[in-house]
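Geometric and topological summary
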Amino acid sequence: AVTVRNGVPVRVGDLATVVDGSEERRGGAEIQGTPAVSVEILKVSGSNTVQVADSVRHVLGQLERQVPADIRLTVIRDDSERVRDALHDVQLSIVLGATLTIAIIYLFLNSWRSTVITGLTLPVSIISAFFIMWVFGFTVNTMTLMALSLAIGLLIDDAIVVRENIVRHVEMGKDHHTAAKDGTDEIGLAVMSTTFAVVAVFIPVAFMGGMIGKIFFQFGVTVAFAVLVSLFVSFTLDPMLSSVWFDPEIEGAHGHARSRSRNPVKRGVLAFNQWFERVADRYPGALDRALGKRWAVVGVGFVSVAVAILLVPRIGFTWMPDADTNEFSVQYRVPPGSRPEYTMGKGREIATFLQSLPEVERTYLSVGGGFMGTANNGRIGVRLKPKGQRDRTLQEIQTELRGKLRNLPGVRPSITGQRTVFGGGFRPPIIVNVQGPEPTRLKLAADRVLDAVRSVRGVAEPNSSEEGSLPQLDVRVDRQEAWRAGVGISTIASTLQPLFTGQRATRWEDSQGYSHDVVIVYPDSMRSSAADVSEISLLSESSHSVQLSQVAEVRAGVGPQQIERRQLEQQVSVSAGVLPGFAVGEVADRVKRAIDAIGLPPGYRAVFTGDVQNLEETKGYVLEAIILAVVFIYLILASLFGSFLQPLSIMLALPLSFIGVALALLVTGGNLNVMSMIGIIMLMGLVTKNGILLVDFANQQRAAGMDRREALLMSGRIRLRPIVMTTVAMIFGMLPLAFALGAGAEQRAPMARAVIGGLITSTLLTLFVVPVVYTLLDDAAAWFGGRRRQRPVAAGDIRPHAVPETAGIGD
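Just so it is clear, the structure is predicted and the values come from calculations on it, not from any experiment.

Further remarks concern the overall build of the protein. For the protein, the count of helices and strands is 30 helices and 19 strands. Against the compact-globule benchmark of 28 Å for 811 residues, the protein has a radius of gyration of 36 Å, which places it well outside the compact range. Structurally, the protein occupies a C-alpha span of about 130 × 70 × 50 Å along its principal axes. Per-residue burial for the protein yields a buried fraction of 49% across its 811 residues. Pairs at least 24 residues apart make up 78% of the contacts formed inside the protein by residues separated by at least 6 positions. For the protein, the exposed area adds up to about 39,700 Å²; of that, 58% sits on carbon and sulfur atoms.

Structure (structure tokens):
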């Protein structure tokens, strides 16, 4: 009984229908057509994704033994799978890269002892890198392992140069102890310069700002420390082993005994080295001809840079490269005000069509629920079969779906990619926030922006967060009548809200111990029209019953489904995807021009967020990192060589690598993104190596009294082998990563491809352009030095000693 009237108890059953049922449905979920309830588990910031996922799966195994037999627990999405796949792929790249690098060393040095001495640098440097990871609190993750996989060829670079020079001194007739000392002393400055140049590049990478800085901080620190360790090993362990470990393959008859080997592998290696020596013997003649046509060679270098700049628009910019992650999402909308049952029905149609595709392994349908979920929005998570079990790529499947899903009536679908190990999620790459003060004009401005986005070539599935108005009943209270009737605004609101949305009055517990909420709500038959609502009775202050129609007008109206605000200003979001074959940066630029063309009213503006914002920030931070890297490299080289001009000839190799980067990305169908931009920064330190080796040895020969031209020719001939060997070792060390062997590896491959392309062209051009520019700068230094000495001097300035007629480039 709820009360007693005239001695008669009034019970709940006399006033209402009591039903032991379920809450009004506002959403739903299905797996392969089977009803489901989904639980999303988020990890705490700073925790390990793989450990959390393993713990959740362990708990699920325990729960499966406790739930009824007709209930199944299924993991529909596990982010740790992407992390595991990425880690496995990077680990495989490290092993394959190390194997290929060591094979290259043996191919060029033709000695397993030299291969072991040089190859020891790899495990020492990699193991030492884990120390710095421990000091900084890094984990063994995708970025730290990718840093090591990219640095495989780089870590062994110093040891290759040192060992090759020691071998050269042994072949000159010196004993292995003397050769180890002299060879290391002779090459020490060049090796130190190359290593410090690489470290100078990665320090700015580690401390970049924005999203890219957060991603690559661990990457830069790990590589920089590993490279410094490799320098230490190349100056300590390698010379020590070379001085005490007799190598009969090199020292026996000064290397001539090696040609009598019966081993087929050995004979093949010897044949390669004989071919390489024949090619190397031709290089001084080609360099001599290049020195005779210096301005033509410089012109070729400038042309390569100009061609690279012209190719940039064809390559395009994007934030992250596309990857085949075996997962994607189909989000869809139905008309505003649709009931959850209708939304679920449309979702089943889409899910049934998706399940008919041979590449689809599983679908998961969800409607409403979650954060900001509404009854007219749904999402279908699609899990594809592994790449090896299907003929089409993820992008090809999505392209087909975009054309077919568009024909479904009453549905607005959009396809988004899956989250990756670098972030992102179920959101389109282009998001434009239209902001302004007045809601009505803001909606009109957003509609104009949406129309402008639709007209842009390359845009896929443009949508607006302003999905249309939601049907509603407006209750307009006549304050005068309400005051006369003794009914306040708060009374009307507190009466209507629980009757429509439901209000928990209490909770009761059944005989089995389960608790149930007691919710008071009007039945559907009494709240289906404005007339029904008008007849609702209100209790006045004098305890009299007053109908709502006496104090208010109830009529049909519309209202917004959601209200977005950003920085205290109301906004409407316009989003769009990008069709395959188009770069995000290119499409975003077209969208910007289209929005500028329509012209928004004063006080209203369009702000890009998402991948476009990240891309613009990345361009600025990468440019800053490149400028800092160039400045650091110049300062290091100037201090080590004791010259302001010599570093300029060496650093000319930097722009000569751009043509290789552009061609590599163009051939592989890539674009300039976060990964390839980091590869370009890496090149700033790598490509200076060749010029340092050439200039350093030429300086030594000139200091010994050799003519400049002869010094350059001798330097080119003697240093050609370590230049080619280290370049090929770095290229082969990065090949596994460039081939994108594992799942999702397409996102890491552009970095290796950019580096490989830049190394190839910079090496080929450096062999001719750097010596030529070296002579031009040397002539300029001598000319300016002569001009200074020819100026008129006062009698008091005359010195009693002779003045040399010429000055070197280092003066």
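Still more ground to cover, so stick around.
Here the idea is simple: oppositely charged side chains can pair when their charged atoms come close. On inspection of all chains with the given rule, the structure shows 31 salt bridges. Close ionic contact of Arg84 with Asp54 constitutes a salt bridge, the shortest N to O distance being 2.4 Å. Taken together, the residues span a long stretch of sequence, with Arg84 in helix α3 (residues 79-109) and Asp54 in helix α2 (residues 49-64) at a distance of 30 residues. For Arg84, a relative accessible area of 35% corresponds to the partly exposed category. The class for Asp54 is partly exposed, based on a relative accessible area of 38%. Glu461 is paired through a salt bridge with Arg402; the nearest N and O atoms lie 3.5 Å apart. Linking Glu461 in strand β10 (residues 459-464) with Arg402 in helix α16 (residues 394-405), this pair joins segments that are 59 residues apart in sequence. For Glu461, a relative accessible area of 18% corresponds to the buried category. With relative accessibility at 10%, the residue Arg402 sits in the buried group. A network of salt bridges, in which partner residues are shared, links Arg294, Arg702, Arg708, Asp778 and Asp779.

Between α3 and helix α4 (residues 112-119), the shortest axis-to-axis distance is 9 Å and the interhelical angle comes to 140°. As summarised for this structure, α3 and α4 are arranged oblique, according to the angle between their axes. Remark: the crossing between α3 and α4 carries right-handed chirality. From α3, Ile102, Ile105, Tyr106 and Leu109 reach across to α4, where they touch Trp112, Ser114, Thr115 and Thr118.

Among the nine residues in helix α6 (residues 142-150), nine count as buried, and that is most of the element. Where α6 is concerned, the buried positions are Thr142, Met143, Thr144, Leu145, Met146, Ala147, Leu148, Ser149 and Leu150.

Between its terminal C-alpha atoms helix α10 (residues 210-235) stretches 37 Å, which fits the 38 Å expected from 26 residues at 1.5 Å a residue. At Phe216, α10 shows its maximal kink, close to 50°.

Moving on to a nonpolar patch on the surface. A contiguous nonpolar surface patch, about 520 Å² in accessible area, is contributed by Leu623, Ile627, Leu628, Val631, Phe632 and Leu635. Note on placement: Leu635 falls in helix α23 (residues 611-641). Looking at Leu635, the relative accessible area reads 49%, which means it is partly exposed.

Another point: the environment of Ser529. Examined against the element boundaries, Ser529 turns out to sit in the loop between β13 (515-520) and α20 (530-534). Residues Ser529 and Leu473, 56 residues apart in the sequence, show an inter-C-alpha distance of 8.6 Å.

Looking at the secondary structure, you find Ser93 in helix α3. Setting aside anything within four residues of it in sequence, one finds Ser93 in contact with Ser149, Pro736 and Leu737.

On to the nonpolar core, then. In terms of nonpolar packing, the biggest core is built from 125 residues, with Met146, Phe216 and Phe219 touching the most fellow members. For this core, the leading source of residues is helix α30 (residues 749-790), giving 15 residues. In this structure Phe216 touches Met143, Met146, Val205, Ala206, Val674, Met675, Ile678 and Met751, once residues within four positions along its chain are discounted.

Now for the packing of aromatic side chains. Applying the stated criterion across every chain, the model contains 14 aromatic pairs. Look at Phe108 and Phe276: their rings are 5.5 Å apart centre to centre, the planes differ by 85°, and that puts the pair in the edge-to-face class. Of this pair, Phe108 sits in helix α3 while Phe276 is found in helix α13 (residues 264-292), placing the two residues 168 residues apart along the sequence. The pair Phe108 / Phe276 is uniform in exposure class, with both members buried. Judged by centre distance (5.7 Å) and plane angle (70°), the ring pair of Phe207 and Phe217 falls under edge-to-face. Pair noted here: Phe207 is in the loop between α9 (176-206) and α10 and Phe217 is in helix α10, with a separation of 10 residues, a long-range link. Grouped by ring-pair contacts, the aromatic residues Phe108, Phe272, Trp275 and Phe276 constitute a single cluster.

Along the chain, Phe246 turns up in the loop between α11 (237-244) and α12 (248-251). Take Phe246: its relative accessible area is 44%, and that puts it in the partly exposed class. When the C-alpha positions of Phe246 and Thr668 are compared, they lie 46 Å apart, and in sequence the two are 422 residues distant.

Next up on the list: the pairing of β13. One ladder, built from six bridges, connects strand β12 (residues 503-509) with β13; its direction is antiparallel. Considered in β13, the bridge of Trp508 is made with His516. Hairpin geometry of β12 and β13 is characterised by an intervening segment of five residues between the two adjacent antiparallel strands and by a positive phi of about 95° at Gly513.

Turning next to the packing of helix α5 (residues 121-136) against α10. Two elements in contact, α5 and α10, have axes whose closest approach is 8 Å; the angle formed by their N-to-C orientations is 135°. If you check the angle between α5 and α10, you find them oblique. Here α5 runs over α10; the crossing is right-handed. Between α5, through Thr121, Val124, Ser125, Ser128, Ala129, Phe131, Ile132, Met133 and Phe136, and α10, the contact on the second element is made entirely by Phe217, Val221, Thr222, Phe225, Ala226, Val229, Ser230 and Val233.

Before going further, it helps to examine the confidence of the model for the protein. In the predicted model, the protein carries a mean pLDDT of 82, and the fraction of residues at 70 or more is 92%. Highest mean pLDDT in the protein belongs to helix α26 (residues 658-667) (91); lowest belongs to α12 (65). In the model, residues 253-259 has pLDDT below 50 throughout and makes 13 contacts with residues more than four positions away in sequence or in other chains. The low-confidence segment residues 791-811 (pLDDT under 50) makes 20 contacts with residues lying over four places distant or belonging to another chain.

This next bit is on the environment of Thr99. Mapped onto the elements of the fold, Thr99 is located in helix α3. Put simply, Thr99 and Gly733 are 634 residues apart on the chain and 8.1 Å apart in space, counted from C-alpha to C-alpha. There is a polar contact of 2.8 Å between the side chain of Thr99 and the backbone oxygen of Val95.

Criteria and thresholds
Residues numbered from 1 in each chain as written. Predicted model: local features only at pLDDT ≥ 70, side-chain atom pairs only at ≥ 80, totals over all residues. Heavy atoms only, no water. Helix = DSSP H or I, 4+ residues; strand = E, 2+ residues; numbered from the N terminus. Rg over C-alpha atoms; globule rule 2.2 N^0.38 Å. Buried < 20%, exposed > 50% of the residue type's maximum accessible area, 1.4 Å probe, protein only. Contact = heavy atoms within 4.5 Å. Areas by Shrake-Rupley, 256 points an atom, 1.4 Å probe, with all protein chains shown as cover. Salt bridge = Lys/Arg side-chain N within 4 Å of Asp/Glu carboxyl O. Axes fitted to C-alpha atoms, helices over the stretch in contact; angles between N-to-C directions. Parallel < 35°, antiparallel > 145°, perpendicular 65-115°, else oblique. Left-handed = near helix turned anticlockwise from the far one by under 90°. Expected span 1.5 Å × (residues − 1). Bend = angle between axes of the 7 residues up to and from the residue. Patch = residues over 30% accessible without salt bridge, like charges linked within 9 Å, V, L, I, M, F, W, Y side chains within 5 Å. Core = buried A, V, L, I, M, F, W, Y, C linked by side-chain atoms within 4.5 Å. Phe/Tyr/Trp six-rings, centres within 6.5 Å; stacked < 30°, edge-to-face > 60°. Pairing = 2+ DSSP bridges. pLDDT = per-residue confidence, 0-100. Polar contact = N/O pair within 3.5 Å; in protein donor to acceptor, adjacent residues only side chain to side chain.

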